[in-house]
Structures are given as C-alpha cells and as structure tokens.
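# Architecture at a glance
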Amino acid sequence: MPVADRYISPSAWGDWWQGTCQVRLWWTLASKDIVDRYRRSMLGPLWLTVSVAAMLAAMGPLYSQLFNVPLGKFFPNLALGIILWGFINTTLIEAANTFVAASTFLKSSPFPLSMFIWRTLARNVITLAHQLIVYVPVALFCSIPISPIQLLAIPGLLMLFVCLHVMSISVAVVCTRFRDVAQVLTTCMQMVIFVTPVLWMPSSVPARAKLLLYLNPFFHMIDVVRAPLQGLFPQRYSWPGLILWTAACAILAMVLFSRSRRQVIYWL
Amino acid sequence: MASLSLTNACIDYPVFGAHATSLKRTVVAAVTGGMIGRETGVTTIHALQDINLTLRKGDRLGIMGHNGAGKTTLLRTLAGVYPPTKGRYRRQGSLSSLIDPMLGVEMEFSGYENIRLCGILKGLTPQEITTLTPEIAEFSGLGEYLDMPVRTYSTGMLMRLAFSIATTVRADILIMDEWLSVGDASFRQKSEQRIRDVVDAAGILVLASQSRHLIEKECNRLVELAHGRIVKDEPIGPAPDAAPAAAASPAAAASPVAATQPAPVQKLQPGVEPPSPPKIQPALEPQPAGRG
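Bear in mind the structure is a predicted one, so any value in this text is a computation, not a measurement.

## Regarding the sheet that holds strand E3 (residues 60-65) of chain B
Residue and element names in this part refer to chain B.
- Here six strands make up an open sheet; going across it, the order is E5-E6-E7-E3-E8-E9 and the pairing mixed. Only two strands of the sheet have a single partner each, and these edge strands are strand E5 (95-98) and strand E9 (229-235). Sheet twist, expressed as the mean angle between neighbouring strand axes with direction ignored, is 15 degrees.
- Note: strand E6 (residues 173-177) against strand E7 (residues 204-208), five bridges, orientation parallel. Across the sheet, the residue bridging to Met-176 is Leu-207, located in E7.
- Across the sheet, helix H6 (residues 185-201) lies against E3, E5, E6 and E7, angled at about 135 degrees from E6, the strand it touches most.

Below, the structure written as structure tokens:
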C-alpha cells in the first residue's frame, strides 16, 4: 500500500532542495497548466507556435524597413528577441502570482514552496520550446550557417533558467506580501523592453549609449542565447554580466526566502 | 514510531486588510511616521495560544470547538502547514492530510487523468498509480464516466471520485476535517468501510468535528478549543478498540445493524442522488442495484 509523506523541511535550503527534487510533481503540474489552457482547441499548444509566427511574419519585413537593416540580419535577431523576451517577461510576471495561485495546495499540505517556483518556470520553458520552433524557418530563410558556435546556446539557456529561477524566488516572495509590486513589475517590464535590444539591433546603439547594454541584465540574458543561435559570439561582457547579476539575485533570494519562507503561508 | 507534538505553540496571523498589503501604504506610513498610513497597522489574530499536545501511536484525537475557535488552524498546524510562530512542532512518521479531499481535482480533466494527477500529488510513482487505477476506478463506481471531463459530473459523483483517490493512500498519521462520508446510501456504506480501514491503518488519527456523537464514537481523546486555547483535554469514549473492531469486520458492512447505524456526518454529504444522467446509464446501473 502506498504511503503518503510530506516531509517538513527544517531549513530554507531544505525547502528549496526538496521542492527541486520533486521534479515529477512540478513538471506534471506545469504540463497540466499548458494542456489545460489549450484543451478543446484544435491545435492545442501549437497555438503558441502559430501566434508567435504570425506576429513575426507581420513585424519582420516591416521593421527591417523601418530600422533600415537588411532583412537577413534583422529577422533572426527580432525573432529570437521576441521569443526570448516573451519567455523572460512571462516567467517573471507569473512568478509574482505563483504562491497565490498555489494557495489551495499550500493550505492543505506542507508542500515545499520552491516546487511552485519550478512549476512556473517549467510551464514557461514548455512555452519557449514551442516558440523556438519558429526560429528554424526564419534561420533557413535568412540562410544562417550551421556552426559549432550554436552549441553555446545550450549553456546560455541553462544559465538563463538559473537566473530566472533565482529572480522568481524574490519576485514571488515580495509579491505575495505586497500585492501591488506585481503591477510595478509589469509596468517596469514594459519599460525595459524598449531600452533593451529586443526589437532593434544591439549594433544600432551609438557608442555614447553603450552603457545601456553593459549594465542591462536583460540584454545579457537575451544575448547569451540569441547570439550563438545566430552563429555569433555573445558580447564579451554578456556572460560575466549575467553571472554577476544571477549571483546578486541569488543572494537576495536567499535572504528573502530564508527570512520569510515561514510567513508566506500566512500572507496567502 | 508515529508521534506528533506541539510544545507551547502559538499561531499569530497577520491579517492584511484590503489596504495593508499595498506597498504604497507601507511606504507612506514609514515616511510619515504612521500619520497617514494608519490603515497599515496590521491586525494580528492570535489564532492559537500555548498549545501543548503530544500524540503517540494509538491516539485518536477529536477536536471540538465553536466556529472560529481554531479547529482548522490547529488541524493545519498539526499537518505542518502553519509553522508555529512561537513554540515547537515535531513530527515523526508519514502524514496524510484529508483536510481538502478535492485537492488537485481539475475540472477539465477526465476522471482517469484526475486519478493520475492526484496520485502524483500524493507522492505516488507512475507505476503505483497504474497499479492502483483499476482499484480506484472500481471503487468509485463511475464506470465509463471516468473518461468524461470531471466538469460534467454531479457533485455526488465528484465527491465519489475525490474520496476514492484520497483514501487510497495510507499513512502513520491521518488528519481529517469532519468524517469523510459521501455519496448515496449504497456508496456511503462502502465509503464508511473504506475510511474505517484507512483510520485503522493509521497510528494516529486527528479528527475535527462539530459532532460530539461522532467524536465519542471514533476517538479516545477529546480536546476542546475556545478562543484559540485548549480548554479541555481528556480521555473519552468507550473502549477505543470496540467500535473499530465491530465495523472493520467484513460481515458488519452487510449486516442490517451496520446499515441502520446513523450516518454520523452531515457536513460532507451534499444531499446526493445516485448519478443518473441519461446518456451512459448502462455503465452505472449495476451500482445502485447492487446494494439498494
């Protein structure tokens, strides 16, 4: 006979580690979320692919004219920019709501909190996987050469996941306590997309405004994946920048999480 | 060796009014020294105070108290959901919380998908779920309806499914908010037997209820709460082994005595009729006929 057990973690690390180990649980919940969203639709989760493809088909040719950049260079940059930005943006905004959305779970059994952070991230990774498919025809259309550099996108993606995970922890804790931080976050993200080379080329930043790139963690997050997929090396400051940013966020997450992990349940 | 204890445990809840969760008010309050942001003053509810409770194997604890006395809070604290703000919580042994039997049930999913999902939530492996699914399906008596989305179910059918899944798992410590008993007459008899097995298998039972009758029947210790404090803690009841033994024997379920026993619980029976939507009727027919 199967036996139920819910172990109560003695420490913040314990909670984090246990939640992380429950891979089957958070992965099931994440894929359930996706399946649930597209249930009873003909294409199912393929709608994710279709909608981003439609958007790119409309924006690519037009914006390359507007920014006066050859389509062959502009299109892959835009496609990856929009896909990756969508991933980062949605993950952080949904992270804000993570604990509130999981309150029925959290109030009836002592689940590790970090499990739900992973669930939100995993759900968005599934979405990302559906949308990255769109890059394949774009790359073929723009005849992006296949080179070993593209393998660098794999560590880039992993680093991006780690970074988003630690950011999500802080966001989730703070937004559960202060409900309007989620709105602040949404507003900020709307600003960030315009000062980050998502829609435009990093190369069109004039030299005097380079700080916009050096000091912008969101650019680093995008660049470590986008550049390799285009067969280019990331900017030399992107990796160090991303690692520093992730470390800073990890420290913040540790402080916030270990201090308020026990209170989260009372804030729901 | 199952054990569960609370030592000098207090639960103090902050209650954020509609305004207090807002960052602006907190900032304004901080800046103005609390002149404007008076709403920020967070009300604290002392939900539980100085709770001392030690449960060992064999303990069958009934919790009583008026509405708002802290029963649910105490249950959640014992389940490990609320960490005590003061004092200590210790637990040994596996724990199964039936506080919310509907936990994880997803309306758009079919019955079978829900069995899988809830199974995983309860910590079962996919193999265990595959092995258990026929048994759960059989017990629920929902037949072909298990292929339908759960949103098409009546309340009674939904409770049957949730109950069948929730009671599959055994644990050393079992926590229940009211006695679980669901469905129409025939299913209730079956479910009584089933919950009895789960309770008997558990080393420790914690049961919150409004019904003194139920607690006297099922428990050997009574704790009464008032305003977040334990006001009474005493051993109760007839021999604790007498009642379970009588009901646990398979014959008891079929005997007329068992059938005429008063159903102790009012709370979880939404006055349910046998599921009888017209379309897939044949699959369900043997069910009501078998026991009726």
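## Overview of the packing of aromatic side chains
- As enumerated under the stated definition, the model contains 20 aromatic pairs over all chains in all.
- Taking the centre distance of 5.8 Å and the plane angle of 75 degrees together, the rings of Phe-87 of chain A and Phe-161 of chain A count as edge-to-face. Of the two residues, Phe-87 of chain A sits in helix H4 (residues 71-96) while Phe-161 of chain A sits in helix H9 (residues 153-177), which places them 74 residues apart along the sequence. As far as the burial class goes, Phe-87 of chain A and Phe-161 of chain A line up, both buried.
- Ring geometry for Phe-105 of chain A against Phe-111 of chain A: centres 6.0 Å apart, planes inclined by 75 degrees, an arrangement best described as edge-to-face.
- Residue class for Phe-105 of chain A comes out buried when judged on its relative accessible area of 8%.
- Looking at Phe-111 of chain A, the relative accessible area reads 6%, which means it is buried.
- Among the aromatic residues, ring-to-ring pairing joins Trp-13, Trp-16 and Trp-17 of chain A into one connected group.
- Directly above the ring of Phe-109 of chain B sits Arg-39 of chain A, whose terminal nitrogen or CZ lies 4.5 Å from the centroid.
- A cation over an aromatic ring shows up here: Arg-194 of chain B above the ring of Phe-139 of chain B, its NZ or CZ 4.1 Å from the ring centre.

## Regarding the pattern of salt bridges
- One pass over the full model with this rule turns up 15 salt bridges over all chains.
- Between Asp-33 of chain A and Arg-119 of chain A there is a salt bridge; the shortest N-O distance is 3.0 Å. Taken together, the residues span a long stretch of sequence, with Asp-33 of chain A in helix H2 (residues 23-38) and Arg-119 of chain A in helix H7 (residues 114-132) at a distance of 86 residues. You'll find Asp-33 of chain A and Arg-119 of chain A in the same group, each marked buried.
- Residues Lys-217 of chain B and Glu-218 of chain B are paired through a salt bridge, measuring 3.2 Å at the closest nitrogen-oxygen approach.

## A short note on the side chain of Thr-73 of chain B
- With respect to the element layout, Thr-73 of chain B can be found in helix H2 (residues 71-79).
- By relative accessible area, which is 11% here, Thr-73 of chain B ends up buried.

## Digging into the pairing of E3 of chain B
Residue and element names in this part refer to chain B.
- Burial of E3 is extensive: six of the six residues sit out of reach of the surface.
- Every second residue of E3 is oriented toward a common face, with Arg-60, Gly-62 and Met-64 on one face and Leu-61, Ile-63 and Gly-65 on the other, all of them buried.
- Across four bridges, E3 lies against E7 in parallel orientation. Bridge pairing links Leu-61 to Val-206 in E7.
- Where E3 meets strand E8 (residues 221-226), five bridges bridge the pair, whose relative direction is parallel.

## Comments concerning the pairing of E7 of chain B
All names here are of chain B.
- Within E7, five of the five residues are buried, which leaves the element mostly enclosed by the surrounding structure.
- Side chains Ile-204, Val-206 and Ala-208 project from E7 onto one buried face, and the interleaved Leu-205 and Leu-207 project onto a second face that is buried too.
- Crossover connection from E6 via H6 to parallel E7: handedness right-handed.

## Details of the state of the cysteines
- Overall, the coordinates contain zero disulfides over all chains when judged by the stated rule.
- Free of any disulfide, Cys-175 of chain A has its nearest neighbouring cysteine sulfur in Cys-188 of chain A, separated by 11 Å.

## Quick word on helix H3 (residues 46-66) of chain A
All names here are of chain A.
- Here H3 spans 30 Å end to end across 21 residues, near enough to the 30 Å set by a 1.5 Å rise per residue.
- The largest bend along H3 reaches roughly 30 degrees and is located at Gly-60, with the proline Pro-61 sitting one to four residues downstream.
- Those residues of H3 lying buried are Leu-48, Thr-49, Val-52, Leu-56, Met-59, Gly-60 and Ser-64.
- At its buried positions, H3 is contacted by H2, H4 and H7.

## So, the environment of Thr-20 of chain A
Residue and element names in this part refer to chain A.
- Position of Thr-20 among the secondary structure elements: in helix H1 (residues 12-21).
- A relative accessible area of 14% means that Thr-20 is categorised as buried.
- Residues Thr-20 and Ile-93, spaced 73 residues apart in sequence, show a C-alpha to C-alpha distance of 21 Å.
- Among residues more than four places away in sequence, those in contact with Thr-20 are Trp-26, Ser-114 and Trp-118.

## Some points on the sheet that holds strand E4 (residues 86-92) of chain B
Residue and element names in this part refer to chain B.
- Spatial strand order, E2-E1-E4: three strands in an open sheet with antiparallel pairing. What marks the edges here is a single partner per strand, and that holds for strand E2 (43-56) and E4. Ignoring which end each strand starts from, the neighbouring axes of this sheet average 25 degrees apart.
- In the packing of H2 onto the sheet, contacts are made with strand E1 (3-15), E2 and E4, and the angle to E1 comes to roughly 125 degrees.

## Re the interface of chain A and chain B
- Facing the 32 residues of chain A at the interface are 49 residues of chain B.
- In this assembly, chain A packs against chain B so that about 3,600 Å² is buried in total across both faces, 61% of it on carbon and sulfur atoms.
- One salt bridge connects Arg-39 of chain A with Glu-113 of chain B, and the closest N-O pair in it is separated by 3.2 Å.
- Where chain A touches chain B, the interface holds six residue pairs in polar contact (both at pLDDT 80 or more).
- Those elements that provide at least two residues to the side of chain A that touches chain B are H2, helix H6 (103-108) and helix H14 (264-267) of chain A.

## What to know about the packing of H4 of chain A against H9 of chain A
All names here are of chain A.
- The interhelical angle for the contact between H4 and H9, taken along N-to-C directions, is 30 degrees, at an axis separation of 7 Å. Classed by the angle they form, the pair H4 and H9 counts as roughly parallel. When the axes of H4 and H9 are compared, the crossing they make is right-handed. Here Leu-84, Phe-87, Ile-88, Thr-91, Leu-92, Ala-95 and Ala-96 of H4 lie close against H9, whose contacting residues are Leu-160, Phe-161, Leu-164, Met-167, Ser-168, Val-171, Ala-172 and Cys-175.
- Residues that form the contact of H4 with H9 fall into these classes: 13 nonpolar, two polar and no charged.

Calculation rules
Residues numbered from 1 in each chain as written. Chains lettered and ligands numbered in written order. Predicted model: local features only at pLDDT ≥ 70, side-chain atom pairs only at ≥ 80, totals over all residues. Heavy atoms only, no water. Pairing = 2+ DSSP bridges. Helix = DSSP H or I, 4+ residues; strand = E, 2+ residues; numbered from the N terminus. Axes fitted to C-alpha atoms, helices over the stretch in contact; angles between N-to-C directions. Contact = heavy atoms within 4.5 Å. Phe/Tyr/Trp six-rings, centres within 6.5 Å; stacked < 30°, edge-to-face > 60°. Buried < 20%, exposed > 50% of the residue type's maximum accessible area, 1.4 Å probe, protein only. Lys NZ or Arg CZ within 6 Å of the ring centre and 35° of its normal. Salt bridge = Lys/Arg side-chain N within 4 Å of Asp/Glu carboxyl O. Right-handed = clockwise from strand over helix to strand, strands pointing away. Disulfide = S-S within 2.5 Å. Expected span 1.5 Å × (residues − 1). Bend = angle between axes of the 7 residues up to and from the residue. Buried area = accessible area lost by both parts, 1.4 Å probe. Polar contact = N/O pair within 3.5 Å; in protein donor to acceptor, adjacent residues only side chain to side chain. Parallel < 35°, antiparallel > 145°, perpendicular 65-115°, else oblique. Left-handed = near helix turned anticlockwise from the far one by under 90°. Nonpolar A, V, L, I, M, F, W, Y, C, P; charged D, E, K, R; others polar.

The values are spatial; any link to function lies outside them.
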